[in-house]
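Results of the structural survey
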Amino acid sequence: MLYYKITVTIALVALNAEARYYGATTPDYLKCRYGRYQADLGNDQLCNPWRPSCAEGYNCQGGPADQPGPCCKAVNPCKVGEPYSRDGDAPNCLKNNGLTRCPNGYACVGTKETSSVCCKGCTYEGKTYFPSEKFYNKFGEHCTCGSNGQVTCLKKLPCNYGGRTYTYGEPKFPKGDGCNVCTCLKDGTVSCTNDPCYCKFKNVKYQIGQQFKDGCKTCTCTTTGEVTCSDKYCPVPCHYGGKSYNYGEPEFPKGDGCNVCTCLKDGTVSCTNDPCYCKYKNIKYAIGQKFDDGCKKCVCTKTGDVTCTDKYCPVPCHYGGQTYTYGGPKFPKGDGCNVCTCLKDGTVSCTNNPCYCKYKNSKYNIGQEFNDGCKKCTCTKTGEVTCTDKYCPVPCHYGGHSYTYGDPKFPKGDGCNVCTCLKDGTVSCTNDPCYCKYKNIKYAIGQKFDDGCKKCVCTKTGEVTCTDKYCPVPCHYGGQTYTYGEPKFPKGDGCNVCTCLKDGTVSCTSDPCYCKYKNIKYKIGQKFDDGCKKCICTKTGDVTCTDKYCPVPCQYGGNSYTYGGPKFPKGDGCNFCTCLEDGTVSCTNDPCYCTYKKIKYNIGQKFKDGCQSCTCTKTGDVACTDEYCPVYCYYNGQKYSSGETFPATDGCNQCTCQQNGQVSCGKKACNTYPTKVYCMYNYVKYSAGETFPSKDGCNQCTCLANRKVSCGNKSCQSYPDEPNALPSLRCRFGKYYKDVGNQPNCNLLGVSCPEHDFFCNGDTETQNGFCCKKDNPCRTGNPYNVRGDAPACLGGDFRCPVGYACVGTAYTSSVCCPVSGIPGGIPGGIPPNPVLECVADGRTYQPGQVFTNIQGDRCICQRSGIARCGGNNPLPLPPSSSFCTYVPLGRQYTPGQRFVGEDGCNECWCERNGRIRCTSDSPCHGPADHGHGSHPPGQLYCTYEGNHYGPRQTFTSPDGCQQCTCGRDGNAVCNPRPCIRIPGNIGNIPRIPDIPRIPDLPSRPDHGHGHGHGHSHKSTFSYLCSNGTNNQPNMLAFSVVITFTIASLVQARTYYPQTPEYLRCRYGKYYKNVGQPPSCNPFGQSCPPPYFCSAGPADEPGYCCKTENPCKAGNPYTRNGDAPNCLGINAVSCPRGYTCVGSRTSYSVCCKGCTYRGESYFPSATFYNSEGQQCTCGQDGQVSCTYPVTCHYKGQVYKSGQTFKDDCNTCTCGSNGSVVCTKIGCQKYCYYNGQRYSPGQQFPARDGCNTCTCESTGGVSCTEIGCNPGGYVG
C-alpha cells in the first residue's frame, strides 16, 4: 500500500511539472508564448500579479483568481515568425550544461541567465543565424541561412591583383606604388590603403617624414602627404613712402600728421587709422580743441566727432506784434479768455479753453444760466449747454381733435381700438383686429357660426377656428365611388387592397404579388427547385435559395474534373491540381527539378560535383557540401596532383602542377635536338611541346620530342558528331553558332532559340536540345552530314571535304554545301545556269561586279562564274582558260590560284592557259616545307611578303603593325594593330664578326628580302650570339631573345604581361589614348573628367584611365590587368558572356552582359524584343526570350501583373495566366425609360397604369394589369 502511494505521488509530480509548461491541460495563464524568465523554470519563483517583481522586459502573468504566475517575456525575441511552442508555451532551449535542444529549422536564441527559446533559423559553427541572414564562416566563405534551417556557403573567391592571385587570410601584399599594401577580402575583391607615398612641394617630391629647408623655414613631409613648415620668418624689409624699414624697428609716421606705422614680419606695413581732426560747420578743429558755438561749449574728441553742451541761449518769442521772454508772465491769447506762455526755443504755447456756449443761435458766457421754455439751462466750462429734463405740455392732434398728455384714451376710429396722447405730442393706438373674415364673410370678434357640419368661432386674433369634423368626401377609384370609413377594397392586381381617406384620396398597399426568377413567375410562398438548390418565393417578392453548390466541372488539360474529387496531375511531373467550387483550377507550384550546370536533377536526388556531394532540395536549389577538392593538372595526356613535379615534353626542363590547375615549366634552352622538331596531325604541322585540340573536339593533344602526338582520352559527352548522340540532338541543316561545341542549352518547355531561323530540337526525356536551322542553306543538295548531323565549318577544327564549300558565317551557322558547277564533286562540265563567283588573279568577285585584271583589262563577273574581259567591250575568255583541272585530286582552280600539291608540301598554281604547274623541290619532310608547312592536299593558301599561310591562319605582318588572316579564297586580309615603329630598319642588323652561319639552321627563304636589303628582320634567324664564340646550343636562345625583344617593343603598350603596372587601366582608358604612346603628365593633369593620369613611379607619362567601374555587374574584361577597348581603333571582340559598353568617343570596355540584336544588356536585365517576347540577359551572356504571360477574361486580354476593374471588384492577371478577383457584392442599379433606380425601388411603367420594381439582379419587373377599368390580364 505504501509502495502504491509513493508511485502515485511521483507520477503526479512529474505530470504536474510537465503540465504546467507544455501539456494541453496547462492553464493559459501559466503559458508564455515568447518564453519565461530563467528563474521561473523551476516553478519556485512565481510572481504576484498585484505586486509584480519581474525583471525589466518581462510581464507578470497571473491567473483569473489572482493566482501567481510566471514572468513572461513581453516582446517576441524572434526576427522571423514566433518561437517554437508546445500547446501555446515556448519551452527553454538551453540546459544547465550549455547544450541546446531545438527541432529542425529552429535555432536557440537567448541566454541561460534571461530566457532562451527556439526561433526559426540556423545553427552553424556554434552560432545562431536568422533566415536569410548572411555571414562569413571561419574559412572566409559567404554563407546564407535558409528558411529550412540549412546553411549554404559559397566558396571564397581568389583575388587577382597585379597579375598574381591571392587568397583571403593571406598576409598583406604590396600595392605597387612603393608604400601602400593590399588585402584580399572574402568576396574576392582587393582592398588597398591609399596613404600618400610622398609630398610634393614647389614641384619637388619628398619622402614621408623627410625634413628640408625652405629658405629659413624648416619643413616636414607628413604622413598625410602634406608639407608643414615652421613659422619662423626670415628678415623681410618693408617699403613705405620711399623708405625701407625692418621688422622690430620703432614706429614711423604714416604721413597724415597723426598716425604711425609698423613693419611686420612678412614685409607688409600696418598703420593706425585714427582721425587727425574734427570738422564742425565746415571748420576744422584739432583733436582735444575746445570752442564755443553761441552759448554752447564744444570740444573735438579722439573719434573725430564734436560734442557740445545742451545749454539753451535766450530766444525771444514774438506773438501778436509783441515780444516776450522765456520765464516772463503769461500774456493774453487774444480771444478774451485764453492765455499764452513763451517757451525756451522761442515758440509760444497757448491754452485752448472755450470762451462761450452757443445754444439755438445764441451765445452764453461760461457759467451763465438761462431758461429754454420750462427748462433750466447752464453754459458749462466745456462750452456745452446742459438743461433739465422737465417736459413742457405738448398737445396731440388726432382726427381733428387736440388731446393733452395725461388725458383719457380716445377712440382710434375703427370701432374697436383706442389711442393715447404721449409727452412728445405723438399719438399711440392699439391695433387689435375688429372682426374675422371667413369665406368672404365678416364675423364680429367672439361671434360663432356654422360652416356646413363644422362649428366655427371668430377669435380675438381675427382668425376663425372650426371643429375638425370631416364631412363625407367620396373617393373615386377604378370607376367606383367609395366613402371614408368604409371597408378596404381590391387594388386590382390580385393581392393588394386600397382605403378611401378623409380627403377623398385613395391609399393602396404595394406588396409584391409574385416572384420572378429566371423569367418565370412564382406565387408568394411557392416553393420550387433550381437544379440542386431549394428555393422559395418570399413576401418581399424575392427568391431565396439554399447556398448548396451544384457540381461545376473544371476543364484542364482536355479533361473534366468535379469539385470535391481527388487531386489530379498538373502535367509537369510533380505538382497536383484541385477543382474549385467555381469551376476554376488551383495547382501547386513546387519546383519539379533542379538545374545545376545545365543538367536537371529530380527533387531529393543526390549527385557528385567533383568531390562534393550535392542534393536537389525541395526549393529547386542545389545544396553542396563545402569539402575541399584536390586540384589536378593535365599535361601530355597525364594527370598530376597539385605540387607534383614532372619532366617537360622538351626532355630537359621540369614542370610543376600549380594550385590553380595550371602547369608551369622551365624555359631554359635545350640542346637535345640540334634541329627543330615538328609533328604532323590532321594535315597541320605543330612544334615540339605545342598543345592543340584533338579531332574529337574535347581532348587536347601535344607534340612530343619524338615527333609523336599524344592526346587525352577522356570521354566526350553527347557531341552530336558522335555515334551515341541521340537523333533528337542532331541538326541536319546546321546549328546556331553558340551551340557548336557546347552542351544542349535550349529547352522545349521554356527557352526559345534566337531569331526565327532556328528551332529547339530537344530530347523528349530531358526537354533539352540544340537550336537547329529550319531551312536548308544549300542551293543544291543537302549539307554534308556526319551520322545525321551537319558539323560547323567555321569557328572550329572541322574542314569541308572535297566537293563541298563552307557556307554561312561564324556568328549564325556554317555548314558544308555541295560545290555548284561540279556535279557530284567530280571534275567535269559546268551546269547550264549556275550562279557562281568569279576568281581571277587570286581574288573573288560577285556576279555583275566590274574589275580590272592584272593585265589592265576591264572585266565583268558573269552568273556562270566566267569573267568577260577585253578593254571597253567585255569579251569572254577562252573556255580553256576558265579552269585548271588538277587530276590527282579531282579539283578545279581558276587562273592565279595557288594551292598545296598532292604530296602536302609542294606548291602548285593555275595558269591562264589552263595548265597547272607545281614546284619539284626536295622531298617533303622535316622543316623543308617551303614556308607554307604541311596542309591538306589541294587546300588554297595565302602568300604574304614571301611567307605562306593556311586558310583561317592568323599572323602578324613583319613590321608588327598588321594583324592578318588568310581567307579561304587565298587572299590575306589585314587590319592595323597597336605597335611602335622602331627607329631605323631592323633588317639592317650589322653582321657580328667572326660568327659563321650555321649550315643546318632551319631558315625561311628570303625571297629577295634577306640580310643586307633592309626589308625584314627574318635574317636574324640566320645568326647566333654567344659572347663572341660559336656555340651552337645557344642558337635557339638567340632567336627567342631577338623575337621577344621585338615583340615587346611592338606590343608593350597594349595588354601583355611585360607592360608596366602604371600603364594598365583596369576600367578602360580615354579613347584618344587608345593605340597611342603614353602622353598625360601627373603634375600637369590633362585628362578630362572622369579620368585620372596613371603615371609611373618616376613621373613617367601615362594614360588617362577611367576613375570608376562602368560595369553594373563585376569588373570589365581585362588582359593582364588592362581593359582593352571594344569599339573604334584596335578594338577587340568581347569574349562569351561579355558585351561592349561605352562609345567610340569616350571609352569602350567589355562588361559582363549580353549582346542581342546590336544592343547591350547587363546581367538580369529584362526587356522586350520586336516580337513582343520578354527577354532576360543571363549571367552566362545568353539571352532567353519567352512570350509574356497573358490572361483572357470576358473577351479581353491582360498582361501578367495588370490590374483591372470588373464592375466594383478589382481583378489581377496572375503570373500563371489565371485571373483573381475580389468578391465584393456590387450595388446593382436598374435603368428604365432613361432613369436609374435602386434595388427594391418602385416606379410607374410606361403605360401609366402599371407599376415596376427594380430587382436586385439589375432587372426590371412590372405588373401586367390591363389599363382599362377592372381588366386583369394574367
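Structure: above.
Residues numbered from 1 in each chain as written. Predicted model: local features only at pLDDT ≥ 70, side-chain atom pairs only at ≥ 80, totals over all residues. Heavy atoms only, no water.

**So, the state of the cysteines**
Counting across every chain of the model gives 56 disulfides. In this model C1154 forms its disulfide with C1177; the gap between the sulfur atoms is 2.0 Å. On the S-S bond that ties C1154 to C1177, the torsion sits near 90 degrees, and the link is right-handed. Pair noted here: C1154 is in strand β105 (residues 1154–1156) and C1177 is in strand β108 (residues 1174–1177), with a separation of 23 residues, a long-range link. No difference in accessibility class separates C1154 from C1177, as the two residues are buried. (Disulfide = S-S within 2.5 Å. Helix = DSSP H or I, 4+ residues; strand = E, 2+ residues; numbered from the N terminus. Buried < 20%, exposed > 50% of the residue type's maximum accessible area, 1.4 Å probe, protein only.)

**Some words on unusual backbone geometry**
Between P1089 and the following residue, P1090, the backbone shows a cis peptide bond with an omega angle of 5 degrees. Relative to the helices and strands, P1090 resides in the loop between α2 (1035–1051) and β101 (1091–1094). The phi torsion at K1194 lies on the positive side, around 50 degrees, for a residue other than glycine. Tracing the sequence through the fold places K1194 in the loop between β110 (1190–1193) and β111 (1196–1199). The exposure class of K1194 is exposed, given its relative accessible area of 64%.

**Considering the nonpolar core**
Buried together is how nonpolar side chains tend to be arranged in soluble globular proteins. Counting residues in each nonpolar core, the largest one holds 14 residues, and the members touching the most others are C1080, C1087, Y1091, C1093, C1104, V1149 and C1151. Mapped onto this core, the elements with two or more residues apiece are β101 and β104 (1148–1152). Beyond its immediate sequence surroundings of up to four residues, Y1091 is in contact with K1069, Y1070, C1104, C1105, K1106, T1107, S1146 and Y1147. (Core = buried A, V, L, I, M, F, W, Y, C linked by side-chain atoms within 4.5 Å. Contact = heavy atoms within 4.5 Å.)

**Section: the packing of aromatic side chains**
Pairs of aromatic rings are described using the distance from one ring centre to the other and the angle between the two planes. Using the criterion set out here, one finds 38 aromatic pairs in the structure. With a centroid separation of 3.7 Å and an interplanar angle of 5 degrees, the aromatic rings of Y482 and F489 are classed as stacked. Three or more aromatic residues joined by ring pairs form one cluster here, namely Y124, Y129 and F135. Stacked on the ring of F770, the Lys or Arg K735 has its end atom at 5.1 Å from the ring centre. (Phe/Tyr/Trp six-rings, centres within 6.5 Å; stacked < 30°, edge-to-face > 60°. Lys NZ or Arg CZ within 6 Å of the ring centre and 35° of its normal.)

**Focus: the sheet that holds strand β78 (residues 700–703)**
One open sheet holds the three strands; their spatial order is β77-β78-β79, and the pairing between them is antiparallel. A strand with exactly one partner marks an edge of an open sheet, and here the two such strands are β77 (691–693) and β79 (709–711). Neighbouring strand axes in the sheet, compared pairwise and without regard to direction, differ in orientation by 30 degrees on average. (Pairing = 2+ DSSP bridges. Axes fitted to C-alpha atoms, helices over the stretch in contact; angles between N-to-C directions.)

**A closer look at the pairing of strand β41 (residues 401–404)**
Two elements, strand β40 (residues 395–398) and β41, share four bridges in a ladder whose sense is antiparallel. Across the sheet, residue Y398 finds its bridge partner in β41, namely H401.

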